[in-house]
Amino acid sequence: MRLRRSTVALSLLPMAAALPDRSKFHKRAITDDASQIAGQAFDYVVVGGGLGGLVVANRLSEDSNVRVVVIEAGGNGDNVRERIDVPALAYYDGIAVAGAAEDWGVHTQGQPALNGRSLHWPRAKILGGNTAVNGLYMTRSTEAEHNAWSDLVGDREGWGWDAMLPYLRRFETLGEPSDDTEDALDLEIESSLHGHDGPIQISWPAYTYPQNELWAPTFEALGFPKHDPFNGNNIGGFITPSSIDPSTNTRSYAYSGYLAPVADRANLVVLTGHQVTRVLFDTSGPTPRATGVRFSAGEGEDEQEVTAGKEVVLSAGVIGTPHLLQLSGIGPRDVLEEQNITVINELPGVGHHIQDHLAISINFRTNTTTGGRLFSDAALRQAELDKYNNGQAVESLYSAPNNGVSYIDIYTLFGDETDAFLDALDANRSIAVAASAGDDTVKAGYDSTYASDVANVLRAKGGAVEVLLNNVGGDLGLQLAFQHPFSRGHLAINSTNPFELPTLSAEYFTHPADIQIIRQGLRFIRTLAATAPLSSVIIEESSPGADVSSDEDLEDFIRRRVESQYHPASSCAMLPRELGGVVDTQLKVYGVDALRIVDASVIPLPVAAHHMQPLYALSEKGADLIRGYQRASDSPSATSSENGALRHALANPLALLLATALVFFAF
């Protein structure tokens, strides 16, 4: 179905600011000079300048009477500007790689179930956070997942699908594909599901790999119906949009969308190159109250302080937020006392419930174009980059990140054995819970989330695995990523030095169902590769090879080759406190005042999506909650399209005139 369009200029309606000239990014609000904030009082202190922190800072500083400071450990990104902006460089010349200054250097402990291997978890140390370095996928979490999340916390009106859909629209501006692109990629776009006037630009890349045109039709041939995957049901295959500004063919991310357009606000300061080392509390009253933070430029450097008159907001991420809480005296008592840290508030769930998507690929020799030659051919790299920089992005491989995506349900993977597999999952739940780490409240939370995943996702035919089309290797890759793991990890500080990373125990495959689901996912990939029309570009399997086919051989391959897909979550989960929760439905940390968390650490259940899109929505909602707005429609940050009506109006000239008049008189 072709997206209906209007020839009327969108400038008739209030729109988000256009992506500014990159040379003008650094205005007076962004500084690495700590003397600009040291010893000062702000209304809000935001810890971390990634996705959550920059969304919150933007929205809070809309009120000119409110002073906001963001403290970010990384730099502004100018030293790696081209590698941020050029879409495909995320794959060919990544920024958050092990040993890089822009990476936190997080590694898991050696994993017994992975033959002792330690996995790297890239976490960006840069303004914009992971939105500056990720693979640019824009995939949306599902209706079933959001409703399951809200039911766990007893707040369907606050966190259910209907409540979150306006926020999923608010942050985005959808760049309409050309008619040719829409037809070639077999796109189904339901305009009312998308945002059309938000800060983050999303679009389909200027260059399209030929095999992308075969992706959706192959899933249709397998019986998956065509639909817009943003409708709350993402089962099937589709070419998803990317976080690319179509007017510049550059990455659109938290920095360019939420900070750059407002960097001249007099009431907003962003300090880079400094790490928050501790949250400060006033413990003189009956409930400890967060009053500010301490920060430093590095180990051995002087520590300085700022105070928060209203709240401290933690957006330091899945590792950084629980790390900082534990250093500040909030967390499991045994962890804190082992380091002789005064217990401000015993919260056993801090650092627990960690979940991650694991990924592994089957590769195929192909007769079609891939980007792998860019790794080995310097002349080709330069020629493709020249095309990109000289206005020929539509012809350049550097314009095209991967964007062929699919989500597959458990019944497709296990067939007639599905019910028996799910019954066994339920039957073994108590054994898995008893063997898990954490106190009784953490175990109770594991029990609840485990039961919810089985009942509300797997039995409801939600996405158990993701399959991606990987065009950027030498061979054509089909990557599988497990979306709803039953294994749970945990982390804990091992010193009082804030510049020493915590110990991360990912606990991969401690639940046997995880590797079994991945194994069946690999078998589905082989079925997919043998299905027309995708099969027309595949010559033969190159890795691991068709002879790797038994359960034992596939599981051995998985243990040797599986990697993180870089989507950890849940280390400070939004759950009831008696279930090991760390924050309530207002994102407030239990047991203390004036302290909230707005980042991926609060997600209580895994989601079948790359986390960027649900996190933009969560962060927009978090900013509303901080300001006291319980519903999206009450917010002063609400956009014209977030209720799903604007694009329908644009397709009807009379409705457009009425909408324009209403906007005019609203001012």
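About the thresholds
Residue indices begin from 1 for each chain and proceed along its sequence in written order. Note on the predicted model: pLDDT of at least 70 is required for a residue's local features to be given, and 80 or more for side-chain atom pairs to be given and counted; whole-chain, interface and lining totals, by contrast, use all residues. The basis for the side-chain values is all heavy atoms of the structure; hydrogens and waters are excluded. Nine residue types can take part in a nonpolar core, namely buried Ala, Val, Leu, Ile, Met, Phe, Trp, Tyr and Cys, and a core is a set of them joined through side-chain atoms within 4.5 Å. Per-residue accessibility, obtained with a 1.4 Å probe over protein chains only, is compared with the maximum for each type, and a residue is labelled buried under 20%, exposed over 50%, and partly exposed between these values. Under the scheme used here, helices are H or I runs from DSSP no shorter than 4 residues and strands are E runs no shorter than 2 residues, and both carry numbers assigned from the N terminus. Note on contacts: a residue pair qualifies if any of its non-hydrogen atoms lie within 4.5 Å across the two residues. To get an axis, fit a line to the C-alpha atoms, keeping to the stretch in contact for a helix; angles then go from 0 to 180 degrees between the N-to-C directions. Two helices crossing with the near one rotated counterclockwise from the far one by less than a right angle form a left-handed crossing, whereas a clockwise rotation gives a right-handed crossing. Gly falls in the polar group here, along with every residue not listed as nonpolar (Ala, Val, Leu, Ile, Met, Phe, Trp, Tyr, Cys, Pro) or charged (Asp, Glu, Lys, Arg). Two rings from Phe, Tyr or Trp (for Trp, the six-membered ring) form a pair when their centres are within 6.5 Å of each other. A pair whose planes differ by under 30 degrees is stacked, one over 60 is edge-to-face, and the rest are tilted. Lysine and arginine charges are scored as sitting over a ring when NZ or CZ, respectively, is within 6 Å of the ring centre and within 35 degrees of the ring normal.

Thoughts on the nonpolar core
Right, on to step 1. Core analysis: the largest hydrophobic core is formed by 168 residues, its most contacted members being I71, L595 and Y616.
Right, on to step 2. In terms of residue count, the dominant contributor to this core is helix 18 (residues 512-529) (nine residues).
Right, on to step 3. Contact partners of I71, with chain neighbours within four places excluded, come to I37, V45, V46, V47, G48, G49, L271, H274, V276, V293, F295 and V306.
Right, on to step 4. By size, the runner-up hydrophobic cluster in this structure holds 15 residues, among which are V86, Y209, L374 and A400.

A short note on the packing of helix 1 (residues 51-60) against helix 20 (residues 612-626)
Right, on to step 1. Contact geometry for helix 1 and helix 20: axes closest at 9 Å, N-to-C directions at 35°. Where helix 1 crosses over helix 20, the two elements pack in a sense that is right-handed. Taking contact as the criterion, the partners of L51, G52, V55, V56, R59 and L60 in helix 1 are, on helix 20, M612, L615, Y616, S619, E620, A623 and I626.
Right, on to step 2. Residues of the contact of helix 1 with helix 20, tallied by class, amount to nine nonpolar, two polar and two charged.

Digging into the environment of V472
Right, on to step 1. Its place among the elements puts V472 in the loop between strand 19 (463-470) and strand 20 (476-482).
Right, on to step 2. Here V472 falls in the buried class, since its relative accessible area comes to 7%.
Right, on to step 3. In this structure the C-alpha to C-alpha distance between V472 and T370, which are 102 residues apart in sequence, comes to 5.6 Å.
Right, on to step 4. In this structure, V472 is in contact with Y91, Y92, Y209, G371, G372, F375 and N402, ignoring residues within four places of it in sequence.

Some thoughts on the packing of aromatic side chains
Right, on to step 1. Enumeration according to the criterion identifies 15 aromatic pairs in this entry.
Right, on to step 2. When the centroid spacing of 5.2 Å and the interplanar angle of 85° are considered together, the rings of Y207 and Y209 count as edge-to-face. Each member of the pair, Y207 as well as Y209, carries the same accessibility label: buried.
Right, on to step 3. Ring geometry for F219 against F524: centres 6.4 Å apart, planes inclined by 35°, an arrangement best described as tilted. Residue F219 is found in helix 8 (residues 212-221), and its partner F524 is found in helix 18; the two are separated by 305 residues along the sequence.
Right, on to step 4. Overall, the relative accessible area of 0% leaves F219 in the buried class.
Right, on to step 5. Given the relative accessible area of 7%, F524 is considered buried.
Right, on to step 6. Each residue in the set W215, F219, F224 and F524 is aromatic and connected to the rest through ring pairs, giving one cluster.
Right, on to step 7. A cation sits over an aromatic face here: K461 above Y411, 5.1 Å from the ring centre.
Right, on to step 8. A cation sits over an aromatic face here: K621 above W159, 5.2 Å from the ring centre.

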